[in-house]
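Given next are the chains, with one letter for each unit.
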Amino acid sequence: GSTGMLEDRGRFCDFFLNSVPNLDPAKRDVAMVAGACLWIRRDLWFELGGFPTWFGSTAEDLFLCCAARLRGMRVQVVDGPGFFHLIGHSLGGSAVGDRVLVTSKSRRFRSERNKIAVMVACYPAACLLLALPLLVASLLFEGLALSLMQNDSSIFSDIYWRALVCAWAERKRMLEMRRKRSVAMRSFFSVFVWIPYKLRMLWRYGIPQIK
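In this report, the structure presented in the accompanying data block is examined.

Conventions used here
- Along each chain, numbering runs from 1 in the same order as the chain's sequence is written.
- Totals for whole chains, interfaces and linings use every residue, but because this is a predicted model, local features are given only for residues with pLDDT of at least 70 and side-chain atom pairs only at 80 or more, for both listing and counting.
- Derived side-chain values reflect all non-hydrogen atoms in the structure, with water molecules and hydrogen atoms excluded from consideration.
- In DSSP terms, a helix is any run of H or I states spanning at least four residues, a strand is any run of E spanning at least two, and both are numbered starting from the N terminus.
- The buried label applies to any residue whose accessible area, calculated with a 1.4 Å probe on protein chains only, is under 20% of its type's maximum; exposed applies above 50%, and partly exposed to all values in between.
- In this text, buried Ala, Val, Leu, Ile, Met, Phe, Trp, Tyr and Cys residues form a nonpolar core when linked through side-chain atoms within 4.5 Å.
- When checking whether two residues touch, look at their non-hydrogen atoms; a contact exists if any pair is within 4.5 Å.
- When two rings of Phe, Tyr or Trp (its six-membered ring) have centres within 6.5 Å they constitute a pair, described as stacked for plane angles under 30 degrees, edge-to-face for angles over 60, and tilted for the intermediate range.
- Lysine NZ or arginine CZ positioned within 6 Å of the ring centre and within 35 degrees of the ring normal marks a charge as sitting over the ring.
- The length a helix should cover is 1.5 Å for every residue beyond the first.
- Here the bend at a residue is taken as the angle between two axes, fitted respectively to the seven residues that end there and the seven that start there.
- Definition of a polar contact: a pair of N or O atoms within 3.5 Å, with one able to donate and the other able to accept a hydrogen when the atoms are protein atoms, and with sequence-neighbouring residues admitted only if both atoms are side-chain atoms.

What to know about unusual backbone geometry
- Look at L17: it is not a glycine, yet its phi comes out positive at around 70°.
- Relative to the assigned elements, L17 resides in the loop between β1 (11-13) and β2 (19-21).
- The class for L17 is buried, based on a relative accessible area of 2%.
- The backbone of A59 sits at a positive phi, close to 75°, despite the residue not being glycine.
- On the secondary structure map, A59 appears in the loop between α1 (42-48) and α2 (60-70).

Right under this line is the structure:
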């Protein structure tokens, strides 16, 4: 990050697929690693389908890691030097400045739409029946709340409503991405945390600035 502090050693996920930084060097198994730090065998890349091109950006690394873990593979952090990386800088957001979260409407839209796609593609059917309605309800509530607090209706329409409409339009493609599960549900969710990460960020940084 811009502060020079360690951003993560891989990431866990919450139930809504928001990534949660891992800073514990003793924890090597994670839910995902950022695409900038991802190493994967060439044959496995093609076997899993690589990054979904229609994602554009954001959460394509999440999909690939979830798809691998569904096959019973482990996503792990290896020891070694890191590097400087301004997360989301080229995409216009996902940064912390002056203790305030800053993001852009376009990045937030892609993030919400693509996390829906990963959920549909990777969550076990029984879990998806619970998780997807909760995710939709949380996005509607979040979008309306942010729009009211910032007196900007475009936050709801350009991010949250647009993400849900686009996800519905892409439902066939999302279902075609579904991967067979060869691991127990408990194993798949073993690197998840159960406190929604957005609530932690809200408590720590307050209402995000959306450009």
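Structure's up, so let's keep going.
As for the nonpolar core
- V118, Y123 and F188 are the most contacted members of the largest nonpolar core, which totals 58 residues.
- Elements with a contribution of two residues or more to this core: β1, α1, α2, α3 (105-122), α4 (125-149), α5 (153-169) and α8 (197-205).
- Here the element with the most residues in this core is α2; it accounts for 8 residues.
- In this structure, F188 is in contact with C66, R69, L70, C122, Y123 and V183, ignoring residues within four places of it in sequence.

Quick word on the packing of aromatic side chains
- The tally for this structure, following the rule as stated, stands at 15 aromatic pairs.
- On the numbers, 5.1 Å between centres and 80° between planes, the contact of F188 with F189 is edge-to-face. Per residue, the accessibility class of F188 equals that of F189, and both read buried.
- One aromatic cluster is present, formed by F15, F16, Y123, F188, F189, F192 and W194 through successive ring pairs.
- Between the NZ or CZ atom of R69 and the centre of the ring of F188, over which it lies, the distance is 4.7 Å.

Some details on α5
- Taking 1.5 Å of rise per residue, the 17 residues of α5 would be expected to cover 24 Å, and the 22 Å separating its terminal C-alpha atoms lies within 8% of that figure.
- The sharpest bend along α5 comes to roughly 40°, located at R162.
- Of all the residues in α5, the buried ones are S154, I155, F156, I159, Y160, A163, L164 and A167.
- In the core, the buried residues of α5 are packed alongside α3, α4, α6 (171-176) and β5 (209-210).

As for the side chain of S57
- Mapping S57 onto the fold places it in the loop between α1 and α2.
- A distance of 2.9 Å separates polar atoms of two side chains, one belonging to S57 and the other to R110.

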